[in-house]
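Remarks on the overall topology
The primary structure of each chain is shown beneath.
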Amino acid sequence: MERIEIEPRKDSAKKLESIGLSYHAWDNFWNESACYKFTSKEVDELEEATECLHEMCLTAVEHIIANNRFAEMGIPEEYWQAIANSYNRDELTLYGRFDLAYDGNSVPKMLEYNADTPTSLLESAVAQWYWMEEVFPDDDQFNSVHERLVDQWKKLPALTRKIHFASLSENEEDWVCVHYLMETAIQAGFQVEHIYVEDIGWDNVNNEFVDLNNERIEVMFKLYPWEWMMREDFGKNVLKCNTKFVEPMWKCLLSNKAILPILWELFPGHPYLLPAYFTPDGLTAYAKKPIFSREGANIELVENGLIVAQDEGPYGAEGYVYQALHTLPDFGDKFAVIGSWIVGDKSAGICLREDTIKITTNMSRFVPHYFVEA
Amino acid sequence: MVMLGTLLVGCSASDGAEHVTLDDAETIQVKQETYASMEDCLKDWNDAENCKQEEIGTIDGFTGQTYAAAPGSGGGHGGFVYVGPHYYFNHSTGVPMAIYGDGSVRAVNNSFVSRPGVVSAARATSVGSVSVARGGFGGTAHAMSAGG
């Protein structure tokens, strides 16, 4: 694994905008003045680690349900049975993204799992693929995200006609991500319709979520976290409607940072995991993470009692977990984290985001990658 | 004859902390058919559970409207009319959804009122409304991305 400085394409802005990546220039988010080069052996290692971690996560979900550990995860009691039902019914999961620390020399380490509402999808599936075809046409990229998404949609129940896609209003990044996913669903043969999260309606007589035409929402892809839904006015309506949600409710167990100490408890010493606990006792260097947190917010890195890095934010009320500190690999003052995509149950590719601080945030820059045979 | 009434349906948290605002609520049209005879009512609704006798002049608790003689009844049979359930059409399936007194809702798949162009000569329709609440999701975001 190697970071390489290269010349950006002269017309990159135009090309990125042509595929819908409208925010590529925000804080220089898309950075193709560098790229990461992998070997096929390293890609194989990432693929194996991702699928292994996914299997461990499913084991952890079953453990949480069987042992009623929802309270430790800050999940309201009225949802416990619904979460178990969602898992036992094998409700369709579309995708997720593990964040891994990896430098090509030591084994990948799981930092966390964005299992519910992962973004950076268009740039991962499409933008970096077109970049690779132009810049390194004789090499390859670890990227089958698009094809796997299309195939995964086809596993929805046969009678499904339309999928509604919900994203927050006034958030362009979320809008772009959801509209890309709509395209994958269209290619899978479904009708699609977008709705803003704030416009979702509740028909109190028919006990159904409805769109702006008062049409029943049969299947809803929601780029909106379960932990927020569960605390909002419409949350309990989820328990009495027939709408199928993507991601399903059971994925809230995996997007929750409390999964980290539970995984360590179930698989102590596993090479892909970092020690993690519900208290900092016994750890001298750790990352303090809110149970519910997004994009690095409210994370503190602590060494010998001193905070060495932190990011502000609104999270932490539900409690924290403490994960042994594992500094991201340093590529010349650039700290890179690997986002490893899983679609359904299969590893589907990677993306890289890098920052000048040791916490990956929503200000981190996306850097494309390619790999060579080795 | 068409009677109008309104049913506002809110949504509240079980702890009673807040009510969803209905300022921008939309309405679903809720109807009820009135017939001159029980036979006419059963032609539309098939099941006696869906039809009942009401005294002319009685106020419908749902719409707040007063039951009047059905068309073609010559003033009503002995001062009674026969009414079907309150119902609305499911936009997705086109099937009428009957609303029962206990608040439950059930699709009436074999109802004749769902067939376009089939009109009972002795049917009158009253119309009310129920609300679709909006804005119950999205409050936590506070301008943050929901992604990660």
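The following paragraphs examine the structure supplied in this document.

Here is what the cut-offs are and how they apply
- Residues numbered from 1 in each chain as written.
- Chains lettered and ligands numbered in written order.
- Predicted model: local features only at pLDDT ≥ 70, side-chain atom pairs only at ≥ 80, totals over all residues.
- Heavy atoms only, no water.
- Patch = residues over 30% accessible without salt bridge, like charges linked within 9 Å, V, L, I, M, F, W, Y side chains within 5 Å.
- Areas by Shrake-Rupley, 256 points an atom, 1.4 Å probe, with all protein chains shown as cover.
- Salt bridge = Lys/Arg side-chain N within 4 Å of Asp/Glu carboxyl O.
- Lys, Arg positive; Asp, Glu negative; His and termini not counted.
- Charge placed at Lys NZ, Arg CZ, Asp CG, Glu CD.
- Helix = DSSP H or I, 4+ residues; strand = E, 2+ residues; numbered from the N terminus.
- Buried < 20%, exposed > 50% of the residue type's maximum accessible area, 1.4 Å probe, protein only.
- Polar contact = N/O pair within 3.5 Å; in protein donor to acceptor, adjacent residues only side chain to side chain.
- Contact = heavy atoms within 4.5 Å.
- Pairing = 2+ DSSP bridges.
- Axes fitted to C-alpha atoms, helices over the stretch in contact; angles between N-to-C directions.
- Core = buried A, V, L, I, M, F, W, Y, C linked by side-chain atoms within 4.5 Å.

Let us look at a negative patch on the surface. All names here are of chain A. There is a patch of like negative charges on the surface, built from Asp44, Glu48, Asp140 and Glu373. Mapped onto the elements of the fold, Glu48 is located in helix H2 (residues 40-66). Residue classification places Glu48 among the exposed positions, given a relative accessible area of 53%.

Moving on to the side chain of A:Glu354. Residue and element names in this part refer to chain A. In this fold, Glu354 is placed in strand E17 (residues 346-355). A polar side-chain atom of Glu354 sits 2.6 Å from a polar atom in the side chain of Arg3. Apart from the residues lying within four places of it in its own chain, the contact partners of Glu354 are Arg3, Asn31, Tyr36, Lys334, Phe335, Ala336, Ser364, Arg365 and Val367.

Glancing now at the sheet that holds strand E1 (residues 2-5) of chain A. All names here are of chain A. Taken together, the three strands give an open sheet; going across it, the order is E1-E2-E19, and neighbouring strands pair in mixed fashion. What marks the edges here is a single partner per strand, and that holds for E1 and strand E19 (369-372). Taken over all neighbouring pairs, the strand axes of this sheet differ in orientation by 35° on average, direction set aside. Where strand E2 (residues 34-39) lies against E19, four bridges are found, and the strand directions are parallel. Note that in E19 the partner of Lys37 across the bridge is Tyr370.

With that out of the way, let us pick up the nonpolar core. All names here are of chain A. Counting residues in each nonpolar core, the largest one holds 80 residues, and the members touching the most others are Phe38, Ile75, Ile83, Met110, Phe209, Leu253 and Ile338. The element that contributes the greatest number of residues to this core is H2, accounting for eleven residues. Excluding anything up to four places from it in sequence, Ile338 contacts Met1, Phe38, Leu46, Phe98, Asp99, Leu100, Tyr102, Ile350, Cys351 and Leu352. In this structure, Cys35, Leu121, Val150 and Phe165 belong to the second largest nonpolar core, which totals 45 residues.

The next point concerns unusual backbone geometry. All names here are of chain A. Here the residue pair Val246 and Glu247 is connected by a cis peptide bond, since its omega of 0° sits within 30 degrees of zero. Relative to the helices and strands, Glu247 is located in the loop between strand E10 (244-246) and helix H8 (259-266). The backbone phi angle of Asn28 is positive, close to 55°, even though this residue is not glycine. With respect to the secondary-structure elements, Asn28 resides in the loop between helix H1 (12-18) and E2. Phi at Ser120 is positive, roughly 65°, even though this residue is not glycine. Relative to the helices and strands, Ser120 is located in the loop between strand E4 (109-114) and helix H4 (121-135).

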